[in-house]
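# Observations on chain architecture
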Amino acid sequence: MSTPQQTMPSGIDPGTLAQVEREAQKRIRQRNALVIGLRIAVLVFVLGGWELSARLHWIDPFFFSMPSAIFDQIVEWFVDGTSQGPLLTQVWVTLEETILGFLIGSAGGIFCGIVLGRNKLLSDVFSIYIKIANSIPRVVLGSVFVIALGLGMASKVALAVVMVFFVVFANAFQGVREADRYMIANAQILGASRRQVTTSVVIPSALSWILASLHVSFGFALVGAVVGEFLGSKQGIGLLISTAQGAFNASGVFAAMIVLAVVALAADYLLTAVEQRLLKWRPTAN
Amino acid sequence: MNQSNQPAIELRHVSCRFISPDGKATVALRDFSMSVAKGEFVAIVGPTGCGKSTTLSMITGLLKPTTGEVRVMGQPVDGIDPRIGFVFQADAVFPWRSVLDNVAAGPLYRGRSKSAAYDEAQSWLRRVGLDKFGKHYPHQLSGGMRKRVALAQTFINKPEILLMDEPFSALDMQTRTLMQDELLQLWSANAGSVVFVTHDLEEAIALADRVFVLTARPATLKKVYEIDLPRPRITSEIRYHPRFIEISRDIWHDLREEVQIG
């Protein structure tokens, strides 16, 4: 029989454990460094390969541009402004349309999703129409909006709203439907009115669904705004792209694409921060 | 009418059928009668899926009986009675609310002021031994602790009738025994009537004054057993009482036939 007083076998005594921990942490750091290094290598390889093949005329830089030309284009837009005015104004116009469309579309989607999700009859009646509306390629509506609402901001906002609404609506609706039936019964027995059940059980439990949809739908709002500008506008990044396209300026198209990507990434970062704040009750996904 | 002799809960020749979404009817409960006195602890056991939970849903008013009558405190059931508390089998605490907010939910729903509700919630947390966990979220607690939150959440409304639907079935054996003792303590302080649905025969005998045994589906009453074990009981010790073993053998004899049919 072994007794607790016995000396610990080598391998699990404190000194060895500390050393094992140090070695393990060192390995973790080395691995992280390796991942970052490889990422940079991939980037250099792709951009360098592109640049090199364009310069050696393996691909035609007139059609496919090259990283240095794209960079020059962005710098030029920044310093001298675009043909439609300063670059930041263009970014701001597109961003404004996107944000307005995103806010209106998601508010409408959340509201309709919750109302229909809580009312069986309404949802049975309208679900078929929503399915139909959802199956129409909504980008086409952009043309209608340009005709009806003109070349100004309204037509782009309308297109962004339509793009966002259905995604958010579908998720809010599903989220409401998935609200745990025991939790609802529990709230009712604890004394909650129908309204209190909606605000304190149904909406919080739908929130993770809704927030997940907001991530995707910001991208959709951006697509809506840009396509709207594409179809006819006086300002914005979409117009910048269509002007560059008209002038066979491939660098311009790529440069505008990069500007859009930066905007989208920044928005995604913000939304993630909001989401983490609102869903701090959830266990961390590990 | 004599208030003190009036039963807290009365089910008179109750039957209940369900219509499924595709229009098929099933009978869950057939001609079931039961009466629970004030302050009495009643357990219902029966084979799985026989309709035990259906009886509870009818007492709360979440479900209406097809025939027969359900009375609570002498009145026919009409909607959810505020004097009723319910502890569910599943985790029904709200995961997005902290433990303290969960316990305060009942008084807040019922229109109490925030400060009064939170004061009371704090004192209930102390009674279930969770006063250090008020700011935690449910997912940070163990299953037993979440059940304590559920108990505090229910008891804070001071229910005169407490309905429990296999509340401890998801817990491990040791935690379950602790929770049973905790429940007996809370009940003796609260002095309400309890209807406790379980498939665990020993749990029913250890806790209840009377055990109702149901038949396989469509369920009806098979037999009622008086549990004449002394109170206060400690559930971990009462299991070895000779009378406990005798009763559980008798009931199991009845129940086995039904489980085999089911």
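Whatever comes next refers back to the structure up there.
Worth saying up front: this structure is predicted, and the values here are computed from it rather than measured.

## Examining the packing of helix 4 (residues 87-118) of chain A against helix 10 (residues 237-246) of chain A
Residue and element names in this part refer to chain A. Between helix 4 and helix 10, the least distance of the axes is 8 Å, while the angle of their chain directions is 120°. Comparing their axes, helix 10 and helix 4 come out oblique. Two secondary-structure elements touch here, helix 4 through Gln-90, Val-91 and Thr-94 and helix 10 through Ile-237, Gly-238 and Leu-240. A breakdown of the residues in the contact of helix 4 with helix 10 according to their chemical character gives 3 nonpolar, 3 polar and no charged.

## Examining unusual backbone geometry
Along the chain, Arg-231 of chain B connects to Pro-232 of chain B via a cis peptide bond; the corresponding omega equals -5°. Its place among the elements puts Pro-232 of chain B in the loop between strand 10 (221-226) and helix 7 (235-238). For His-57 of chain A, which is not glycine, the phi torsion reads 60° and is therefore positive. Looking at where His-57 of chain A falls in the secondary structure, it is placed in the loop between helix 1 (14-55) and helix 2 (61-64). In this structure His-57 of chain A comes out as exposed when scored by C-beta crowding, with 8 C-beta atoms within 10 Å. The backbone phi angle of Ala-191 of chain B is positive, close to 60°, even though this residue is not glycine. In this fold, Ala-191 of chain B is placed in the loop between helix 5 (173-190) and strand 8 (193-197). On the basis of neighbour count, Ala-191 of chain B is assigned to the exposed category, with 10 C-beta atoms found within 10 Å.

## Remarks on the sheet that holds strand 3 (residues 41-45) of chain B
All names here are of chain B. As summarised here, the arrangement of the 6 strands in space is 6-7-8-3-9-10, forming an open sheet in which the pairing is mixed. The open sheet has two edge strands, strand 6 (84-87) and strand 10, and neither has a second partner. Looking at each pair of strands side by side, their axes are set apart by 15° on average, direction ignored. When strand 3 meets strand 9 (residues 210-214), the two strands line up parallel, connected through 4 bridges. In the strand pairing of strand 9, Val-45 is matched with Val-213.

Conventions we followed
Residues numbered from 1 in each chain as written. Chains lettered and ligands numbered in written order. Predicted model: local features only at pLDDT ≥ 70, side-chain atom pairs only at ≥ 80, totals over all residues. Axes fitted to C-alpha atoms, helices over the stretch in contact; angles between N-to-C directions. Helix = DSSP H or I, 4+ residues; strand = E, 2+ residues; numbered from the N terminus. Parallel < 35°, antiparallel > 145°, perpendicular 65-115°, else oblique. Contact = placed C-beta atoms within 7 Å. Nonpolar A, V, L, I, M, F, W, Y, C, P; charged D, E, K, R; others polar. Buried ≥ 20, exposed ≤ 12 C-beta atoms within 10 Å, placed from the backbone. Pairing = 2+ DSSP bridges.

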